[in-house]
Amino acid sequence: MFLLATILFLASCAGGAVGTAASLYLARLDNPFYLGLQHAIGWGASVLALFTGYLLDRTDRKKALTFGLLSGSLLRFLLGTSLGLIGPWTFLGLYLVGNILELLLEVRVLVPRLVPQEREKAHGRLYTASLLADLLGAPLGAFLFVQNPSWPFLLGGALGLIALNFAARLPPIPPLGKASPGMLAGLRWLYQEAFFRRLAGTVLGASFLRVMPFALLPLWSLQAGYGPIGYGLLSTAFSLGGALGGLLAGKLKGKRPQRVLSLLFLMDAGAILGLLLKPPLPLGLLLVALLGISAILLGVQEVVLRQALAPDALLGRVGGGMRFLSGSAGLLGALLAGAVGGKVGLEEVYLGAGLGFLLLALVAWGFLGQMEKRTR
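Residues numbered from 1 in each chain as written. Predicted model: local features only at pLDDT ≥ 70, side-chain atom pairs only at ≥ 80, totals over all residues. Heavy atoms only, no water.

(A) Structural detail: the nonpolar core. Formed by 82 residues in total, the largest nonpolar core has its most connected members in Leu-65, Leu-69 and Phe-265. Ranked by residues supplied to this core, first place goes to helix H13 (residues 281-309) with 12 residues. The contact partners of Phe-265, leaving out residues within four places of it in the chain, are Thr-202, Ala-206, Leu-298, Phe-357, Leu-360, Ala-361 and Ala-364. Ranked by size, the runner-up nonpolar core spans 19 residues in total, among them Leu-26, Ile-41, Leu-75 and Phe-153. (Core = buried A, V, L, I, M, F, W, Y, C linked by side-chain atoms within 4.5 Å. Buried < 20%, exposed > 50% of the residue type's maximum accessible area, 1.4 Å probe, protein only. Helix = DSSP H or I, 4+ residues; strand = E, 2+ residues; numbered from the N terminus. Contact = heavy atoms within 4.5 Å.)

Rendered as structure tokens:
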């Protein structure tokens, strides 16, 4: 467990530093189009997870992790040493390749084999490690960029090599058993497995609804009187809440899934509807932290149940399929929030998201009642 958490922490810290530096580099070009393409690349990675998930099921997963770490490190060293020599399109092309390689760093797919007991606790620790790394990596990348724009990329490459040293200590992890061939086998399994089809539907609904208020959070922060600093604090509160949720994830073991999901969705509904009242900043921070706790606990519950149901030889493709679907749901949620918020106002978006989570709580309670018989 220590090895997995360390690898994920180093990889996430490197990714946070490089992502922040990339945004600052493109912002210096004073062209919003480039920044838009950078964020589009982030969403596009969700589509390519179908391909990388297929690779994870076709080769030893330790080898895939090692290849992703080594190739990503070399790519970041290349960006750091050639930053003043390449144009924005070449930079974005290399950035896209880096995002694809990051999809191979799917540490969570190793949990069922390396940590067969206390899976909830293991996944919770991994989420906490990733969130804490993000909290460190983003400001570190910004600080180093001010000193020298190349330094964050060189740091990302160095952290990847350090993570590679820890990955070398893992045992070989080839996929076990046989599963349906093809890149879309994971999506077919998600659709055909009745219990998980219901679970995936509620999880994707939650992804869609959660993105809506967060897409408008900068404007909401200004309207609520929190200001730009308050918005930064809200983002930090969400990450800290998520880290706390990861530490609490071990408490989910033995709990009935429908009860857990219903309570989490009620927590989301209460927090979003509470923000609708534009409370004082300290209370607003607490409400956003609750959203972070709920998001991570939901993620832990989903991945544990998914890995309990899916065959080992399909874990990579099923995980890639879920990433593709959740990314698509998030994209649609963000687009809808922008369109509706611009026409009818931010309050209506927050109200709709809060009521949507109340509905999801009822759906989770009614349709997932017998799931523990299949997963425990």
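Next comes the rest of the write-up.
(B) Structural context of the packing of helix H8 (residues 185-192) against helix H14 (residues 315-344). It is at 7 Å that the axes of H8 and H14 come closest, and there the two elements cross at 80 degrees. The angle between the axes of H8 and H14 places the two elements in the roughly perpendicular class. Touching Ala-185, Gly-186, Leu-187, Trp-189 and Leu-190 of H8 are Arg-317, Val-318, Gly-321, Met-322, Phe-324 and Leu-325, all from H14. Looking at the contact of H8 with H14 residue by residue, the class counts come to eight nonpolar, two polar and one charged. (Axes fitted to C-alpha atoms, helices over the stretch in contact; angles between N-to-C directions. Parallel < 35°, antiparallel > 145°, perpendicular 65-115°, else oblique. Nonpolar A, V, L, I, M, F, W, Y, C, P; charged D, E, K, R; others polar.)

(C) Fine view of the environment of Leu-79. In this structure, Leu-79 sits in helix H3 (residues 61-82). Contacts of Leu-79, omitting those with residues within four sequence positions, involve Ile-86, Phe-91, Leu-94 and Phe-153.

(D) Up close: the domain arrangement of the protein chain. Considered domain by domain, the protein chain is made up of domain 1 (1-169) and domain 2 (185-373). Here the C-alpha centre of domain 2 lies 23 Å away from the C-alpha centre of domain 1. In this assembly, 29 residues from domain 1 lie in contact with 32 residues from domain 2. Both faces combined, the contact of domain 1 with domain 2 buries some 2,700 Å², and carbon together with sulfur accounts for 68% of it. (Domains from an automatic or database assignment. Buried area = accessible area lost by both parts, 1.4 Å probe.)

(E) How the structure looks around a nonpolar patch on the surface. A grouping of Leu-263, Leu-266, Leu-351, Leu-355 and Leu-358 is seen on the molecular surface, where their side chains present a nonpolar patch of about 430 Å² in accessible area. Secondary-structure elements contributing two or more residues to the nonpolar patch are helix H12 (257-275) and helix H15 (346-367). For the nonpolar patch, the leading source of residues is H15, giving three residues. With respect to the helices and strands, the residue Leu-355 is situated in helix H15. (Patch = residues over 30% accessible without salt bridge, like charges linked within 9 Å, V, L, I, M, F, W, Y side chains within 5 Å. Areas by Shrake-Rupley, 256 points an atom, 1.4 Å probe, with all protein chains shown as cover. Salt bridge = Lys/Arg side-chain N within 4 Å of Asp/Glu carboxyl O.)

(F) The arrangement of the packing of aromatic side chains in detail. Enumeration over the complete set of coordinates arrives at five aromatic pairs. Their ring planes at 90 degrees and their centres at 6.0 Å tell us that Phe-91 and Phe-153 sit as a pair that is edge-to-face. Here Phe-91, found in helix H4 (residues 88-102), pairs with Phe-153, found in helix H7 (residues 151-167); they are 62 residues apart in sequence, far enough to count as distant. Like Phe-91, the residue Phe-153 is buried in the burial classification. By the ring-pair criterion, three or more aromatic residues cluster together here, those being Tyr-25, Phe-91, Tyr-95 and Phe-153. (Phe/Tyr/Trp six-rings, centres within 6.5 Å; stacked < 30°, edge-to-face > 60°.)

(G) Summary view of the side chain of Arg-210. Mapped onto the fold, Arg-210 is located in helix H9 (residues 194-215). A distance of 2.8 Å separates the side chain of Arg-210 from the side chain of Asp-268, its partner in a polar contact. With sequence-adjacent residues up to four places away left out, Arg-210 is seen in contact with Asp-268, Leu-291, Ser-294, Ala-295, Leu-298 and Phe-357. (Polar contact = N/O pair within 3.5 Å; in protein donor to acceptor, adjacent residues only side chain to side chain.)

(H) Inspection of the packing of H3 against H4 at higher detail. At a closest axis distance of 9 Å, the pairing of H3 and H4 adopts a crossing angle of 160 degrees. Our classification of the angle between H3 and H4 gives roughly antiparallel. The element H3 and its partner H4 pack so that their crossing is left-handed. The residues of H4 that touch H3, namely those facing Phe-67, Gly-68, Ser-71, Gly-72, Leu-75, Arg-76, Leu-78 and Leu-79, are Phe-91, Leu-94, Val-97, Gly-98, Leu-101 and Glu-102. Taken together, the residues of the contact of H3 with H4 sort by class into eight nonpolar, four polar and two charged. (Left-handed = near helix turned anticlockwise from the far one by under 90°.)

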